[in-house]
Amino acid sequence: MSSESVRVNVEDVQREGRMELELGGRTVVVFAVDDRFVAYVDTCAHLGGPVCSQGSRHRFYTARVQQDGRVEPYFAPGGEVVIVCPWHGWEYDLNNGVSLADRTKSLKAATVTHDRDELVVSL
Ligand code: FES
């Protein structure tokens, strides 16, 4: 295996919801998101804060406008797919790493593949 890959136990990530690891000299965090896994470099696109390792997670709270103009807020289906940077509050969609406030900004993704009871994370 190349030094650019790390293996982690699937159950450990599922139990904790996230797992921090070192990969290619960078901190990468693997997340269990609903029934799948994603990983991102632990660097906020704003000013480099530890968004993945220290950010809090919550469900995606959004809204729709009714025909009569009323705004109806609601939680989108799915689990805790939004992570919030602890430094200045930027939020990211863990499904794709994209910033909710500025969709031109995103977290750097790592690749996650399944190998039996392990995940192989690579940059
Ligand atoms: S460094 Fe993450 S919001 Fe500013």
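In this text, all values refer to a predicted model and were calculated from it rather than measured experimentally.

What to know about the sheet that holds strand 5 (residues 56–58)
With respect to topology, three strands assemble into an open sheet ordered 5-8-9, the strand pairing being antiparallel. Only two strands of the sheet have a single neighbouring strand rather than two, namely strand 5 and strand 9 (91–93). Strand-to-strand twist across the sheet, computed as the mean angle between neighbouring axes with direction ignored, equals 30°. Pairing between strand 5 and strand 8 (residues 82–84): three bridges, direction antiparallel. Note that in strand 8 the partner of His 58 across the bridge is Val 82.

Section: the environment of Arg 116
When you line up the elements, Arg 116 lands in the loop between strand 10 (109–115) and strand 11 (118–122). Residues Arg 116 and Gly 48, 68 residues apart in the sequence, show an inter-C-alpha distance of 34 Å.

Here's the deal with the packing of aromatic side chains
Taken as a whole, this structure holds one aromatic pair when the rule is applied. Residues Tyr 61 and Phe 75 carry aromatic rings whose centres are separated by 4.8 Å and whose planes lie at 50° to one another, so their mutual orientation is tilted. Of this pair, Tyr 61 sits in strand 6 (residues 61–65) while Phe 75 sits in strand 7 (residues 71–75), and the two are 14 residues apart along the sequence. Arg 64 extends its terminal NZ or CZ atom over the ring of Tyr 74, reaching a point 3.8 Å from the ring centre.

Overview of the sheet that holds strand 4 (residues 36–41)
The sheet built from six strands is open, its strands ordered 1-11-10-4-3-2 with antiparallel pairing. Only two strands of the sheet have a single neighbouring strand rather than two, namely strand 1 (5–9) and strand 2 (18–23). Taking the axes of each pair of neighbouring strands and ignoring which way they run, one obtains an average angle of 30° across the sheet. Examined bridge by bridge, strand 10 and strand 11 share five bridges and lie antiparallel to one another. Bridging across to strand 11, Thr 111 finds its partner in Ser 122.

What counts and how
- Residues numbered from 1 in each chain as written.
- Predicted model: local features only at pLDDT ≥ 70, side-chain atom pairs only at ≥ 80, totals over all residues.
- Heavy atoms only, no water.
- Pairing = 2+ DSSP bridges.
- Helix = DSSP H or I, 4+ residues; strand = E, 2+ residues; numbered from the N terminus.
- Axes fitted to C-alpha atoms, helices over the stretch in contact; angles between N-to-C directions.
- Phe/Tyr/Trp six-rings, centres within 6.5 Å; stacked < 30°, edge-to-face > 60°.
- Lys NZ or Arg CZ within 6 Å of the ring centre and 35° of its normal.

Distances and angles like these do not, on their own, reveal function.
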